[in-house]
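# Reading the structure
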Amino acid sequence: MTNNEVDWVDANKPQEGSKILVGLEYLPTPIKTHLRNNMSKRPSIKNVYHVTEILYCLRKAYWKRMGGKNDFDLAGLWNIYRGNTFDKKWSPLFEHNQVTFKSERKHPEFEDLITLTGTLDFIWVDESSLDKVLYDLKMPKNVFYKKQYGAGKFYKGQVQTYLAMAHENGEYTDVHRCRVLMLADDLVIEEVPERPEMLDIMWERTFLFHKSLKDKNPNILRGAEAEWECGERFCPGSVEWRLTCKQYPINEGFPTY
Ligand code: SF4
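Residues numbered from 1 in each chain as written. Predicted model: local features only at pLDDT ≥ 70, side-chain atom pairs only at ≥ 80, totals over all residues.

### Comments concerning helix α8 (residues 198–215)
- With 18 residues, α8 should cover 26 Å at 1.5 Å per step; its first-to-last C-alpha distance of 26 Å lies within 8% of that length.
- Along α8, the residues classified as buried are Met198, Leu199, Met202, Arg205, Thr206, Phe209 and Ser212. Seen from one end, α8 has its buried residues packed into an arc of 135 degrees, which puts them on one side. Across from the buried face of α8, at angles greater than 90 degrees, the exposed residues are Lys214 and Asp215.
- Considering only its buried residues, α8 is in contact with β1 (48–50), α3 (51–55), α4 (58–65), β2 (100–106), β3 (113–119) and α7 (153–168).
- Once α8 finishes, Lys216 follows within two positions and takes phi at roughly 50 degrees, a positive value. (Helix = DSSP H or I, 4+ residues; strand = E, 2+ residues; numbered from the N terminus. Expected span 1.5 Å × (residues − 1). Buried ≥ 20, exposed ≤ 12 C-beta atoms within 10 Å, placed from the backbone. Arc of directions from axis to C-beta. Contact = placed C-beta atoms within 7 Å.)

As structure tokens, then:
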């Protein structure tokens, strides 16, 4: 062993009297309070639905719409905070950023004009072809599985819906490519095919969600499509809500994508 190796090993030994604390619960209280206070407080507007609430578990969206308190653990709060912070810092680097789209439809069963809305992160060119590409930025905890399996249906559905909404409105008609950019300890980008029918699928889900709110009946909604969604990190419902929710059968006939 050389002298240098001995130094390196010693440098990593805890010093006498030192203590190692591991876990988000050891964050200083002002930072924990900041994470809680900075949860995006997007107002719930009657008859206006966001693509991100329609893509994921709709019972979860129902819980939030009915005034359910966010019950995220610290890891969940940190996930959301990290994503929101980088969205705010990096999107403005692009000329076309944070563009909000709206799609409006009526359903014969309801009198209301219903709006579906969503906001793209940014548009940038593919640097080899110079094609314009719609990007969505994601900051997952890690990209280990993303390297093998890519973005997953929720992330993909989101960019596909934004592109379909833009085209329905006659906007960005020169954009036909979309990508999910996932950054953690490494970078993974998935190029996702354009899928115009995604907007109709989102509308089917939106109308059923609207009906469940009107009838105050979450049980017509399909439960989570991925098991991880039901964990306390991703489902804001209370412990009681999550337990009750599991007693209702998953509505397999619900429109999925
Ligand atoms: S427990 Fe699962 S199915 Fe129920 S609202 Fe939460 S994520 Fe959805």
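More follows now that the structure is in view.
### Topic: unusual backbone geometry
- At Gln98, a residue that is not glycine, the phi angle is positive and equals roughly 50 degrees.
- The topology assignment puts Gln98 in the loop between α5 (74–90) and β2.
- Classification of Gln98 by C-beta neighbours within 10 Å gives partly exposed; the count is 13.

### A few points about the packing of α4 against α8
- Packing of α4 against α8 leaves a shortest axis separation of 11 Å and a crossing angle of 45 degrees. As the angle between them shows, α4 and α8 are arranged oblique. For the pair α4 and α8, the crossing hand works out as right-handed. Residue-level contacts link Leu58, Ala61, Tyr62 and Arg65 of α4 to Arg205, Phe209, Ser212 and Leu213 of α8.
- Considered class by class, the residues forming the contact of α4 with α8 number 5 nonpolar, 1 polar and 2 charged. (Axes fitted to C-alpha atoms, helices over the stretch in contact; angles between N-to-C directions. Parallel < 35°, antiparallel > 145°, perpendicular 65-115°, else oblique. Left-handed = near helix turned anticlockwise from the far one by under 90°. Nonpolar A, V, L, I, M, F, W, Y, C, P; charged D, E, K, R; others polar.)

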